[in-house]
Amino acid sequence: METYTIKKGDSFELEDIFECGQCFRWNKIKEKTYIGVIKEGVVRAEEHEDKIKFTGKLVDGYDFKKVIRDYFDLNTDYASYKEILKNIDSYMGKSIEYGSGIRILNQDLWECIISFIISANNNIPRIKKIIENISKAYGKKIVFEEKEYYTFPDSVALSKASVEDLRKMGLGFRDVRVYNTTKMIVENKVDLENIKKLDSTEDMRNVLLTLDGVGPKVADCILLFSLKRWDVFPIDVWVRRVMNDLYIKRNDEKKVSKKEILELATKKYGKISGLAQQYLFYWKRGK
DNA sequence: GTCCAGGGAATCA
DNA sequence: TGATTCCATGGA
């Protein structure tokens, strides 16, 4: 058992971080307390008046403080980015006020890929349930404070599952996509460590797009939530809705093309479009 | 019964 | 390139 405590600051709220749709393995245990399973182990995060306390149990060989600081993006100055966005327009100001405690987590690449393949045409509660099912069936058990948790399986472990096995996890039509992508990664047709070394966002995206079940939106989520690429702007039904409601104002939002939204977002938010997208998504979708 | 969910792939013009 | 349709599943 290890602990690490930080000062709270003005850009750190557990609810905003965990409920803004970027992650699927954190659950609210009680008021201002969440427990989550990340790649390295189980972590409890408690919010107090002026500090955040992390308590956890990691698998061997990890530095707790280092894992927490990296995962919660604690070396990034959100206040300065918020200041830039606030000056763009009043909508941005409102959405930042609403989700002022958001931080963009740095999640494990492999887990992020599979999680967002599962997210396609799905809803958040069910996505969480499917990921939980997969972890229970193929992940490693960790006992933390007398309760059992399961890590998300690595690619080798998940490659033991057949398409039929995956279907039993509740994946629906996404079973073949998860199966194929897992196989491509295990067989090293796509090298995840190599993706991390690429320098342009576009190069990274093009590799991700070769994976079955990874299209433009899923690729952008992976780039934003795992690869620190904030110049992307994932467009889903909610983001399309909010961008149409605020700026484009077409009668039928479904007629608004992704290209049109993307051009607008890039012009307005530039290199930090991804952060802007999270504030807008969370603001529109609600807590 | 109908609609919808943090879309992608296949198909066709 | 761009638009349509289908894809399992579960909850509202």
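Scroll up to find the structure.
Colleague: Please give an account of the overall build of chain A that cites residues and values.
Modeller: Broken down by element type, chain A carries 15 helices and 7 strands. Relative to the compact-globule value of 19 Å for 287 residues, chain A shows a C-alpha radius of gyration of 19 Å, a close match. C-alpha atoms of chain A, sized along the principal axes, occupy 50 × 45 × 35 Å. Within chain A, buried positions represent 51% of all 287 residues. A fraction of 64% describes how many contacts in chain A between residues 6 or more apart in sequence connect residues 24 or more apart.

Colleague: Kindly report on helix H14 (residues 258-269), identifying the contributing residues and their values.
Modeller: Taking 1.5 Å of rise per residue, the 12 residues of H14 would be expected to cover 16 Å, and the 16 Å separating its terminal C-alpha atoms lies within 8% of that figure. Residues of H14 that are buried sit in contact with helix H3 (78-86), helix H4 (90-98), helix H13 (237-248) and helix H15 (273-285). At the exit of H14 stands Gly270, carrying a positive phi of roughly 55°.

Colleague: With reference to specific residues and values, describe the pattern of salt bridges.
Modeller: As enumerated under the stated definition, the model contains 19 salt bridges in all. Here Lys39 and Asp108 are joined by a salt bridge, their closest N and O atoms 4.0 Å apart. In this pair, Lys39 is assigned in the loop between strand S3 (33-38) and strand S4 (41-47) and Asp108 in the loop between H4 and helix H5 (109-118), connecting sequence segments 69 residues apart. Under the relative-accessibility criterion, Lys39 is labelled partly exposed at 44%. Classification of Asp108 as partly exposed rests on a relative accessible area of 22%. Here Glu193 ties to Lys196 by a salt bridge, and the two come within 3.2 Å at their closest N and O atoms. Here Lys196 and Glu193 lie together in helix H10 (residues 192-197), a separation of 3 residues that amounts to about one turn. Look at Lys196 and you get partly exposed, because its relative accessible area is 42%. Salt bridges sharing partners connect three or more residues here, namely Lys8, Glu13, Lys32 and Glu47.

Procedures and definitions
Residues numbered from 1 in each chain as written. Chains lettered and ligands numbered in written order. Predicted model: local features only at pLDDT ≥ 70, side-chain atom pairs only at ≥ 80, totals over all residues. Heavy atoms only, no water. Helix = DSSP H or I, 4+ residues; strand = E, 2+ residues; numbered from the N terminus. Rg over C-alpha atoms; globule rule 2.2 N^0.38 Å. Buried < 20%, exposed > 50% of the residue type's maximum accessible area, 1.4 Å probe, protein only. Contact = heavy atoms within 4.5 Å. Expected span 1.5 Å × (residues − 1). Salt bridge = Lys/Arg side-chain N within 4 Å of Asp/Glu carboxyl O.

In short, the description is geometric, and any link to function would need to be established separately.
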